[in-house]
Amino acid sequence: MKMIKTIAASVLASSVMFSTSVLAADVTWKVPSSVSEGSFFYDNFLKRFATHVDELTDSDMKIRPFGAGVVVPAFKVYESVQEGVVEAGHSTSSYLVNQDPTNAIFAGFPGGMSPEATMAWFYEGGGLEQLQAYRKAKMGLHSLVVGIGTSEILAHANKPIEKIEDFANLKYRTSGAWAGVLKDYLDGVPTVVPPGEIYTLLQRKGVDAVEWATPGSNLSEGFHEVAPYIIVPGIHQPSFVWEVVVKQETWDALPENLQQKVEMAARLTTMEAFLHFANADIKAMDTYRDYGTEIITLDNSVVNEIRGYGHKWMQEKSQEEASKGNNAMQEILADYLKYQESWSQNSRIFVRDAK
């Protein structure tokens with residue numbers, strides 16, 4: 001009898017192990033992106049993440065990436081995950097700011113934290129936990145951060161931009177909090193188009209200026225070939241965050257060990273991509289100069305004025321949200337600004353390789 005029980009237990013254990021293995025091997029997420037296949041963000045965020053998930057889970061889980069528009073439209077990624085059209089999606093909360101300005105804290109806003117400070121806040125200061133709690137409460141999603149970006153180029157422009165007054169009536173492709181600041185305080189004219197349409201819009205002078213991403217990323221888009229000016233620094237979006245989002249119940253259904261490996265893959269992707277971006281940015285700026293693009297660096301007085309408008313816009317939006325009963329933005333923003341203040345006071349200890 002004892003031997004029979006032992007054999008039965010062994011068979012049961014083997015069956016459970018086999019079932020778990022089959023279940024794990026069958027975990028595949030279709031993940032559409034808000035950017036085109038082959039683009040800088042697609043390769044360095046989503047494809048890199050897919051590779052790391054495959055490696056760290058020993059192929060027990062697969063990520064199937066898709067470019068914008070292949071499965072769902074570029075601006076419908078979050079919605080498609082919520083509706084169960086796909087298992088997960090790759091996008092940035094910059095595209096959600098009009099729906100809820102709380103997203104601007106994570107997407108990046110004028111006068112926000114530097115890339116280094118943003119990364120420190122996310123991974124050591126509680127920022128990631130706040131994003132995940134916010135996504136779960138407001139959208140029923142679990143967020144995996146797969147990219148924290150270096151500073152963007154403020155604009156590739158068809159005309160020089162040097163003073164605050166130059167933003168007035170400026171037709172400008174942008175999105176997120178910067179679009180709000182541009183419209184509300186600088187009398188600019190923001191417009192939003194999907195990433196794949198930016199080059200043509202700039203080339204045909206449908207806008208005076210565009211912002212998209214970092215120097216390295218923009219180089220691959222070729223904006224410098226059709227616009228003679230580059231405006232820096234990227235005060236409009238000093239850093240930014242890209243996510244892979246999945247329904248909370250889908251996430252909860254994963255075995256805990258698999259969750260841990262996927263989280264590790266996301267963090268590794270963020271760290272590697274950040275270094276790749278920074279290295280590409282430095283090389284890209286040399287390429288722009290060699291090409292003959294005129295690089296205009298805004299005076300500190302202009303930068304500080306834009307920073308002030310950015311903070312004002314965020315505070316006003318957080319108050320508006322609180323008046324509607326949504327206190328999340330005020331609470332998260334207060335924590336963010338407290339961290340930024342501490343970083344600003346103490347970051348002078350860091351050596352800067354700048355001339």
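### Brief notes about the overall build of the chain
Along the backbone of the chain there are 13 helices and 11 strands. A globule of 355 residues ought to have a C-alpha radius of gyration of about 20 Å, and the chain, at 22 Å, matches this closely. Along the three orthogonal principal directions, the C-alpha set of the chain runs to about 90 × 45 × 40 Å. Counting over 355 residues, the chain shows a buried share of 52%. Accessible surface for the chain amounts to roughly 16,400 Å². Of this, 52% is attributable to carbon and sulfur atoms. The averaged location of the 44 negative side-chain charges in the chain is 2 Å from the averaged location of its 31 positive side-chain charges.

### Focus on the packing of aromatic side chains
For the structure on display, the rule yields 20 aromatic pairs. Between F41 and W242, the aromatic rings sit 5.3 Å apart at their centres with planes inclined by 85°, giving edge-to-face as the arrangement. Of this pair, F41 sits in helix 2 (residues 40–56) while W242 sits in strand 10 (residues 241–247), placing them 201 residues apart in sequence. Here the two residues F41 and W242 agree in accessibility, since each one is buried. Judged by centre distance (5.1 Å) and plane angle (80°), the rings of W121 and Y336 are edge-to-face. On the criterion of sequence distance, the pair formed by W121 in helix 5 (residues 115–123) and Y336 in helix 13 (residues 328–346) is long-range, its members being 215 residues apart. Note on accessibility: W121 and Y336 belong to one class, buried.

### Observations concerning the sheet that holds strand 4 (residues 141–148)
Read across the open sheet, the three strands follow the order 3-10-4; overall the sheet is antiparallel. Strands at the two margins of the open sheet, each flanked by one partner only, are strand 3 (88–92) and strand 4. Averaged over all pairs of adjacent strands, the angle between strand axes in this sheet comes to 25°, irrespective of strand direction. With five bridges joining them, strand 3 and strand 10 adopt antiparallel strand pairing. Pairing of S91 across the sheet is with E243, part of strand 10.

### With respect to the sheet that holds strand 8 (residues 209–210)
Taken in spatial order, the six strands line up as 7-6-8-5-9-11 in an open sheet, and their pairing is mixed. The sheet is open, and its two borders are formed by strand 7 (189–191) and strand 11 (294–297), each paired with just one other strand. Relative to strand 9 (residues 229–232), strand 5 (residues 155–157) is paired through three bridges, and the arrangement is antiparallel. Among the inter-strand pairings, A155 is bridged to a residue of strand 9, identified as I231. Helix 7 (residues 176–185) rests against strand 6 (171–173) and strand 7 of the sheet, and its axis sits at about 155° to strand 7.

### Focus on the confidence of the model for the chain
Do not read the fine detail of predicted coordinates wherever pLDDT is low. Residues with a pLDDT of 70 or more make up 93% of the chain, whose mean pLDDT is 91. Here residues 1–25 is a poorly scored stretch, pLDDT under 50, and it has three contacts once near neighbours within four places are set aside; other chains count.

### Digging into the environment of T250
With respect to the helices and strands, T250 occurs in helix 10 (residues 248–252). For T250, a relative accessible area of 27% puts it in the partly exposed group. It is 9.0 Å that separates the C-alpha atoms of T250 and L141, two residues lying 109 residues apart in sequence.

### A word on helix 11 (residues 256–291)
The end-to-end C-alpha separation of helix 11 is 51 Å, in line with the 52 Å expected for 36 residues at 1.5 Å each. Just downstream of helix 11, G292 is the residue with a positive phi angle, here 105°.

### A look at the nonpolar core
One finds F122, F167, Y172 and W178 to be the most contacted residues of the largest nonpolar core, which totals 50 residues. Not counting the four nearest positions on each side in its chain, F167 is found in contact with L154, I161, Y172, W178, L182, L186, D187, G188 and I306. V31, V35, V53 and V262 belong to the second largest nonpolar core, which has 41 residues in total.

### Observations regarding the packing of helix 2 against helix 11
Put simply, helix 2 and helix 11 touch, their axes get as near as 8 Å, and they point 145° apart. For the pair helix 2 and helix 11, the sense of crossing is right-handed. Mapping the contact onto sequence places F40, F41, N44, F45, R48, F49, H52, V53 and L56 in helix 2 and K261, V262, M264, A265, A266, L268, T269, E272, A273, H276, F277 and A280 in helix 11. Tallied by class, the residues present in the contact of helix 2 with helix 11 amount to 14 nonpolar, four polar and three charged.

How each quantity is defined
Residues numbered from 1 in each chain as written. Predicted model: local features only at pLDDT ≥ 70, side-chain atom pairs only at ≥ 80, totals over all residues. Heavy atoms only, no water. Helix = DSSP H or I, 4+ residues; strand = E, 2+ residues; numbered from the N terminus. Rg over C-alpha atoms; globule rule 2.2 N^0.38 Å. Buried < 20%, exposed > 50% of the residue type's maximum accessible area, 1.4 Å probe, protein only. Areas by Shrake-Rupley, 256 points an atom, 1.4 Å probe, with all protein chains shown as cover. Lys, Arg positive; Asp, Glu negative; His and termini not counted. Charge placed at Lys NZ, Arg CZ, Asp CG, Glu CD. Phe/Tyr/Trp six-rings, centres within 6.5 Å; stacked < 30°, edge-to-face > 60°. Pairing = 2+ DSSP bridges. Axes fitted to C-alpha atoms, helices over the stretch in contact; angles between N-to-C directions. Contact = heavy atoms within 4.5 Å. pLDDT = per-residue confidence, 0-100. Expected span 1.5 Å × (residues − 1). Core = buried A, V, L, I, M, F, W, Y, C linked by side-chain atoms within 4.5 Å. Left-handed = near helix turned anticlockwise from the far one by under 90°. Nonpolar A, V, L, I, M, F, W, Y, C, P; charged D, E, K, R; others polar.

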